[in-house]
Amino acid sequence: MILIVDDNQSNLYSLKKLLESKNFQVDTASSGEEALGKTIKNNYALIILDVQMPGMDGFEVAETLADYSKTKEVPIIFLSAVNTEKKFITRGYASGGKDYVTKPVDPEILLLKVKTFYNLQEQNMAMRKTQQSLELEVKGRRESQVTMKSQIDHFQLMLESLPQIAFTLNEDGNIEFVNCKWHQYSDTDVDFPEVHPDDLNIREEFNRCHKKSQALELEARIKKVDSGEYRYHLLRITPVKEGNVIKKWVGTFTDIDDQKKVEKEKDEFLSIASHELKTPLTSIKAYVQLLDRKLKLDKQSAEAGFMSKAQDQIEKLNNLITDLLDVSKIENGKLKINKKPTSLEKIISNAVETIIQTHDENKVNIKWHGINPDILIPLDEVRIEQVLINFLTNAIKYSPQNNQIIVTTFVDEEKQEVKVSVTDFGIGIPDFKQHAVFHKFYRVEESSLQFQGMGIGLFICSEIIKQHHGTIGVSSKVEEGSTFYFTLPLN
Ligand code: ADP
């Protein structure tokens, strides 16, 4: 906006009209005092200032404007009829004015000067705005750098106080910070601790996860710098993201060596105990069978009932010990799988038949959906039947109110695999516990008291399926039921 200051109303009017005809926005003041008041309130791109006015003259107004930071940069064109001698012009310039136009005003000259000054001032104002916003941005960046630095310091202090070895890696996967515990296991700040030759190489494993932007979790023995002793650690490296971009990685090594030793001792005990129990039990089983045949008891008699109950219990004990032996075989890497091209349909029929024979008829109602895959698949017949029997036994055990079970088979031509699932309508499993049911000795607490078991059946199943290069899983809803499934590659 342009401000015109003149005590002569008709001059004011004609200048206003002239500038407005060229689309300038115009404001007017009829004295120097009024002009000062307006410049404080409004922003002007240019002031056209009459020199000779009663009260404050144009020079005084210009000098006052030059003293205020808000107005000192605003260009001024003096309007002067007289006083065009050199001394007078110098005063005008010294007081902050930029140019003169003499009266009577030549409209073309005035407009030319106004346009030039106006444009210059507009550009100045735009530049000042940009400068201000740049300054603000620089200030903001400086502030956020300071907060970030203090956040990093805080974070590193927290990592220092952890009982674990803790470290961070930058987005490229290079180690950038290690806490003091790190130095018990590594001489340098840039290399991972030395790993036992039989365990996985940490750098290689991490690079693999880094490429896929995935967290890493592994157990490995790392070497102590001073004693050379290897201790088992659980290593976890997790990406820290901003939006979808990984900014850094945070890692910890947790010492699990004592836990590992106790676990090993427990496994050894289980292995010895189950072996030692198996031999006398096999003899008991054989003698009871002999006795049963020799006595030729009347099927309706009480003795025959006792005999059959004793045999059932021996069978249960036998199954328990077999499972425990399987667990120790898995621990020692001795669970052998004998794959032969086999009909999956036959295995499913056998498993269903076994379940029907060993359970009360009213307790089971098994339906088989889906196409019967009549193709031959390379698998270990005994072990896959064991998985199915386990799924079916659990489906019955954990569905005390409902006897319906559905077995579904599905051949996925695209993925070249077959999927077998067993669905029940029983108690179900809470979401966050579902992945754990395949862990060794894990039982869902809510149901562990009500139902007997050791929590190893599904662990064995998952190992069997893993050895077949298949997948195993569950989907479930509490009080609605569960679907356990496994997949096997067709080739
Ligand atoms: P066990 O049945 O001997 O405890 P498993 O390894 O077969 O051991 O199962 C582990 C746990 O998973 C069980 O203790 C139970 O809590 C849960 N579970 C397994 N199958 C089912 C099912 N069909 N419905 C509900 N919970 C189940």
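Quantities reported herein were computed from a predicted structural model and do not represent experimental measurements.

The final tally for this structure, using the stated rule, is 30 salt bridges. One salt bridge in this structure joins Asp-27 and Lys-38, with 3.1 Å as the shortest N-O distance. Here Asp-27 is found in strand β2 (residues 26-29), whereas its partner Lys-38 is found in helix α2 (residues 32-41), with 11 residues between them in sequence. Judged by relative accessible area, Asp-27 falls into the buried class, the value being 15%. Judged by its relative accessible area of 21%, Lys-38 is partly exposed. As a salt-bridge pair, Asp-199 and Arg-221 come within 2.9 Å of each other at their nearest N and O atoms.

The next subject is the sheet that holds strand β15 (residues 417-424). Strands pair in a sheet through their backbones, by hydrogen bonds, and they do so in one of two ways: parallel or antiparallel. Ordered by their spatial adjacency, five strands build an open sheet running β12-β14-β15-β17-β16, and the pairing between neighbours is mixed. The open sheet has two edge strands with one neighbour each: β12 (365-370) and β16 (471-477). For this sheet, the mean angle separating the axes of adjacent strands, direction not counted, is 15 degrees. Bridge analysis of β12 against strand β14 (residues 404-412) gives six bridges, and the strand direction is parallel. Opposite Gly-370, over in β14, you have Thr-409 as the bridge partner.

Bringing the site of the ligand into the picture now. Asn-394, Tyr-398, Asp-424, Arg-443 and Leu-458 are the nearest of the 22 residues found near the ligand. At 2.8 Å from an oxygen atom of the ligand is found a side-chain nitrogen or oxygen belonging to Asn-394. At the level of elements, α10 (381-397), α12 (457-467) and β17 (481-489) are the ones that each hand at least two residues to the shell around the ligand. No other element matches α10, which puts four residues into the shell around the ligand. For the shell around the ligand, the residue count by class is 11 nonpolar, eight polar and three charged.

Quick look at unusual backbone geometry now. A cis amide bond links Lys-103 with the next residue in sequence, Pro-104, at an omega value of -5 degrees. Of note, the phi angle at His-469 is positive, near 60 degrees, even though the residue is not glycine. Residue position: His-469 is located in the loop between α12 and β16. Notably, Glu-479 is not glycine yet its phi reads approximately 65 degrees, a positive angle. Assignment of secondary structure puts Glu-479 in the loop between β16 and β17.

One can read the domain layout of the chain as domain 1 (2-128), domain 2 (162-255), domain 3 (260-331) and domain 4 (340-489). Computed over C-alpha atoms, the centres of domain 3 and domain 4 are 24 Å apart. The interface of domain 3 with domain 4 comprises 11 residues on the first partner and nine residues on the second. Around 860 Å² of area is buried between domain 3 and domain 4 when both sides are counted, 67% of it from carbon and sulfur atoms. Remark: the boundary between domain 3 and domain 4 carries three salt bridges. Residues Asp-267 and Lys-440 are paired through a salt bridge, measuring 3.5 Å at the closest nitrogen-oxygen approach. At the level of elements, α7 (257-295) and α8 (302-331) are the ones that each hand at least two residues to the side of domain 3 that touches domain 4. No other element matches α8, which puts eight residues into the side of domain 3 that touches domain 4.

Moving on, we get to the environment of Lys-41. Position of Lys-41 among the secondary structure elements: in helix α2. Using a relative accessible area of 71% as the deciding quantity, one classes Lys-41 as exposed. Between the alpha carbons of Lys-41 and Gln-357 there is a distance of 98 Å; along the sequence they are 316 residues apart.

This next bit is on the pairing of strand β3 (residues 46-50). A regular strand carries its side chains on alternate faces of the sheet. Of all five residues making up β3, five are buried, and the element is well covered by its neighbours. Side chains Leu-46, Ile-48 and Asp-50 of β3 all project onto a buried face; the interleaved residues Ile-47 and Leu-49 project onto the opposite face, where all are buried too. Note: strand β1 (residues 2-5) against β3, four bridges, orientation parallel. The residue bridging Val-5 from the neighbouring strand is Leu-49, located in β3. Pairing analysis gives four bridges linking β3 to strand β4 (residues 76-80), with the strands arranged parallel. Paired with Ile-48 across the bridge in β4 is Ile-77.

What follows is about the packing of aromatic side chains. Evaluated as defined, the whole model comprises 13 aromatic pairs. By the ring-pair criterion, three or more aromatic residues cluster together here, those being Phe-167, Trp-182, Phe-192 and Phe-253. Positioned above the aromatic ring of Tyr-232 is the side chain of Lys-260, whose terminal nitrogen or guanidinium carbon lies 5.1 Å from the ring centre. The ring of Tyr-485 has Lys-419 lying over it, and the distance from NZ or CZ to the ring centre is 4.4 Å.

Moving on, we come to the packing of α10 against α12. For the pair α10 and α12, the least separation of the axes is 10 Å and the interaxial angle reads 145 degrees. Two packed elements cross with a definite hand, and for α10 against α12 that hand is left-handed. Across the interface between the two elements, Arg-383, Ile-384, Gln-386, Val-387, Asn-390, Phe-391 and Asn-394 from α10 touch Gly-457, Leu-458, Ile-460, Cys-461, Ile-464 and Ile-465 from α12. Residues that form the contact of α10 with α12 fall into these classes: eight nonpolar, four polar and one charged.

Rules used throughout
- Residues numbered from 1 in each chain as written.
- Predicted model: local features only at pLDDT ≥ 70, side-chain atom pairs only at ≥ 80, totals over all residues.
- Heavy atoms only, no water.
- Salt bridge = Lys/Arg side-chain N within 4 Å of Asp/Glu carboxyl O.
- Helix = DSSP H or I, 4+ residues; strand = E, 2+ residues; numbered from the N terminus.
- Buried < 20%, exposed > 50% of the residue type's maximum accessible area, 1.4 Å probe, protein only.
- Pairing = 2+ DSSP bridges.
- Axes fitted to C-alpha atoms, helices over the stretch in contact; angles between N-to-C directions.
- Near = heavy atom within 4 Å.
- Polar contact = N/O pair within 3.5 Å; in protein donor to acceptor, adjacent residues only side chain to side chain.
- Nonpolar A, V, L, I, M, F, W, Y, C, P; charged D, E, K, R; others polar.
- Domains from an automatic or database assignment.
- Contact = heavy atoms within 4.5 Å.
- Buried area = accessible area lost by both parts, 1.4 Å probe.
- Phe/Tyr/Trp six-rings, centres within 6.5 Å; stacked < 30°, edge-to-face > 60°.
- Lys NZ or Arg CZ within 6 Å of the ring centre and 35° of its normal.
- Left-handed = near helix turned anticlockwise from the far one by under 90°.

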